[in-house]
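Residue strings, one per chain:
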Amino acid sequence: MAVILLLIISYLYPAVLGAAQLVFVAIIVVFLFDIFILYFTDKGIEARRVLPEKLSNGDDNPIEIYVQNHYTFSISTKIIDELPFQFQKRDFLIDKKIKASSHTAFSYDLRPTERGEYWFGKLIVYVQSPLLLISRRFVFNDKTMVPTYPSFIQLKKFDLMALAYRNEFGIKKVRRIGHTMEFEQIKEYVLGDDIRSINWKATAKRNQLMVNQFQDEKSQPIYSIIDKGRMMKMPFNGLSLLDYAINSTLVISSITLKKNDKAGMFCFSKKAENRVVAERRTSQMNLILETLYNTKTNFHESDFGTLYGDIKRNINHRSLLFLYTNFETLDGLDRQLTYLQAIAKQHVLVVVFFLNTELEELIHNNSGDIKDIYQKTIAEKFAYEKRLIVKELRRRGVYTILTKPENLTVNVINQYLEFKAKGVI
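For clarity, every value in this text was computed on a predicted model and none was experimentally measured.

Things to note about the environment of threonine 297
Step number 1: By the secondary structure assignment, threonine 297 is in the loop between α6 (284-293) and α7 (304-314).
Step number 2: Overall, threonine 297 belongs to the partly exposed group, its relative accessible area being 22%.
Step number 3: Spatially, the C-alpha atoms of threonine 297 and aspartate 227 are 9.9 Å apart, while their sequence positions differ by 70 residues.
Step number 4: In contact with threonine 297, other than residues within four places in its own chain, are Lys228 and Leu242.
Step number 5: Here lysine 228 takes part through its backbone oxygen, which lies 2.8 Å from a polar atom of the side chain of threonine 297.

What follows is the structure in structure tokens.
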């Protein structure tokens, strides 16, 4: 712009032409010098992206970037990280100034909202010298895949909560009915032992009466049952209700194992699948984590009749069942109530379903016109129907948890720990 201005002035004052030519030559020289200092070395900078082994769904995951400046002068950089398409972020750009022969490290957070494979592209860095005339482009990192698993970050956060739960004041112990017994040992018969426990094979070998001794089974089966039907597709804060249920299942399974119970899970919609039988083995958490990661659905209509039949066939011992589902209307509940009651007769059934937080916000907003009043009235009707669903389920002997999606895990843990304290399981 300075050269153009001087050339225009030189038409009126020819003596200025020499100054314009001198400035133009100086700009060319500085431009060539800027090219030379940026390109005289092959390794002007080094950069790398450090990714975690896996991402945690619904949580902020730190991604670290390291940049080493090998130039003998300070540089200005523009860093572009090619993020996975799931984030739909096309304007990612970080500006950094790095001193001569030094390095910098920084991180940024990514919050995935669905499970699966996330492919990171290249790490691109544009470098400028203090002259700021040209930029040199550096490219690092090949395409890298990182799997996104159910929220394992929540595991650490809620483990302390389970260990700290010691307040049992005012909690009435409940006599357990129909609980199972596990074998302890074979011993000699003494007066008062149950003759129904006589072990006839051992008696024949020892030539004296021997009986089987049993003890109360300490490890109770705890199952998380996830509805994969269309009602679980509803999103809140970017996550579907299905993913909230999956994250909660992972945490409650971990706490169950730490409390010396058996953790298991399965999913259902048209049929029951993704089954992990309740056990206390060391590999149980990895098995549950991988099963939850691979859980996929087409969000079909859920068949509770199939669920009841599957539980009757495959869960023989009295168990605590957390059923993650969602009912929006009493009519929707009425169609499934018979099956829920039948399950509750044999097991401790807890139906977990969700408050619509958007409706709650609408209810508490001020009404400005007739349209707002109408919407608020409809929202209050749906909220009231949710409370009626809770009341109806409890009247039929089914435990319930009605919760906001973000409070799901905390409320499920509290219910499980309360059952443990009361001796319900």
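Past the structure itself, the notes keep going.
Concerning a nonpolar patch on the surface
Step number 1: On the surface, Phe24, Val25, Ile28, Val29, Val30, Phe31, Leu32, Phe33, Phe36, Phe40, Leu131 and Leu133 cluster together into a nonpolar patch covering about 1,100 Å² of accessible area.
Step number 2: Note on placement: valine 29 falls in helix α2 (residues 16-39).

A closer look at the packing of helix α5 (residues 241-258) against α6
Between two packed helices, both the angle of their axes relative to each other and the distance between the axes serve to describe the pair.
Step number 1: Orientation of α5 relative to α6, taken along the N-to-C sense of each, is 175°, at an axis distance of 10 Å. Taken together, the axis directions place α5 and α6 in an arrangement best described as roughly antiparallel. Here Ile246, Thr249, Leu250, Ser253, Ser254 and Leu257 of α5 come into contact with α6, specifically with Gln284, Met285, Ile288, Leu289 and Leu292.

Brief notes about the pattern of salt bridges
Step number 1: Overall, the coordinates contain 15 salt bridges when judged by the stated rule.
Step number 2: A salt bridge links aspartate 243 to arginine 115, with the shortest nitrogen-to-oxygen separation between them at 2.8 Å. Separated by 128 residues along the polypeptide, aspartate 243 in helix α5 and arginine 115 in the loop between β6 (103-110) and β7 (116-120) bring together distant segments of the chain.
Step number 3: A salt bridge links glutamate 301 to arginine 230; the nearest nitrogen and oxygen atoms lie 2.5 Å apart. One end of the pair, glutamate 301, is in the loop between α6 and α7; the other, arginine 230, is in the loop between β13 (221-227) and β14 (235-236), and 71 residues separate them in sequence.
Step number 4: Judged by its relative accessible area of 46%, arginine 230 falls in the partly exposed class.
Step number 5: Through salt bridges that share partners, Glu392, Arg395 and Arg396 make up one connected network.

What about empty space enclosed by the protein?
Step number 1: Per the counting criterion, the structure on display carries two cavities of 30 Å³ or more.
Step number 2: There is about 40 Å³ of room inside the second largest cavity.
Step number 3: In terms of lining, the second largest cavity is formed by Glu328, Leu355, Asn356, Leu359, Glu360, Phe382, Ala383 and Lys386.
Step number 4: Where the lining of the second largest cavity is concerned, the elements lending two or more residues are α9 (357-364) and α10 (370-395).
Step number 5: The dominant element in the lining of the second largest cavity, judged by the number of residues it contributes, is α10, at three residues.
Step number 6: Of the residues assigned to the lining of the second largest cavity, the class counts are four nonpolar, one polar and three charged.

Side note on the confidence of the model for the chain
Step number 1: When pLDDT is averaged along the chain, the result is 88; 93% of the residues meet or exceed 70.
Step number 2: Throughout residues 167-179 the model reports pLDDT below 50, and contacts reaching past four residues in sequence, or to other chains, amount to 20 contacts.

Rules and cut-offs
- Along every chain, residues carry numbers that run from 1 in the direction the sequence is written.
- The predicted origin of the model limits local features to residues at a pLDDT of at least 70 and limits the giving and counting of side-chain atom pairs to 80 or more, whereas totals for whole chains, interfaces and linings rest on all residues.
- Side-chain metrics in this entry use all non-hydrogen atoms of the structure; hydrogen atoms and water are not considered.
- Comment: elements are numbered from the N terminus, with helices defined as DSSP H or I runs of at least four residues and strands as E runs of at least two.
- Here's how the labels work: a residue is buried when its accessible area is under 20% of the maximum for its type, exposed when over 50%, partly exposed in between, all with a 1.4 Å probe on protein chains only.
- Residue contacts follow a heavy-atom distance rule, with two residues in contact if any of their heavy atoms lie within 4.5 Å.
- In the analysis that follows, any N or O atom pair within 3.5 Å is treated as a polar contact, provided that within protein one partner can donate a hydrogen and the other can accept it, and provided that, for residues neighboring in sequence, both atoms belong to side chains.
- Residues enter patches when they are more than 30% accessible in relative terms and free of salt bridges; like-charged ones are connected within 9 Å and nonpolar ones (Val, Leu, Ile, Met, Phe, Trp, Tyr) within 5 Å.
- Working definition of accessibility: Shrake-Rupley area with a 1.4 Å probe, residue cover restricted to the visible protein chains.
- Each salt bridge in this description consists of a side-chain nitrogen of Lys or Arg and a carboxyl oxygen of Asp or Glu lying within 4 Å of one another.
- Structural elements are reduced to axes, namely lines fitted to C-alpha atoms, with helices fitted over the stretch in contact, and the angle between N-to-C directions of any two is expressed from 0 to 180 degrees.
- Orientation labels follow simple angle bins: below 35 degrees gives roughly parallel, above 145 gives roughly antiparallel, 65 to 115 gives roughly perpendicular, and whatever is left gives oblique.
- Cavity means a closed set of points on a 1 Å grid over the protein atoms alone, one where a 1.4 Å probe fits but cannot get out, pocket means an open set with protein on both sides within 12 Å along at least 5 of 7 lines, and lining means a residue has an atom within 4 Å of a point.
- Grid points are joined across faces, edges and corners, and a volume is the space filled by probe spheres set on the points.
- When residue character is reported, Ala, Val, Leu, Ile, Met, Phe, Trp, Tyr, Cys and Pro are called nonpolar, Asp, Glu, Lys and Arg charged, and the others, Gly included, polar.
- Note on scores: pLDDT gives the predictor's confidence for each residue, bounded by 0 and 100.

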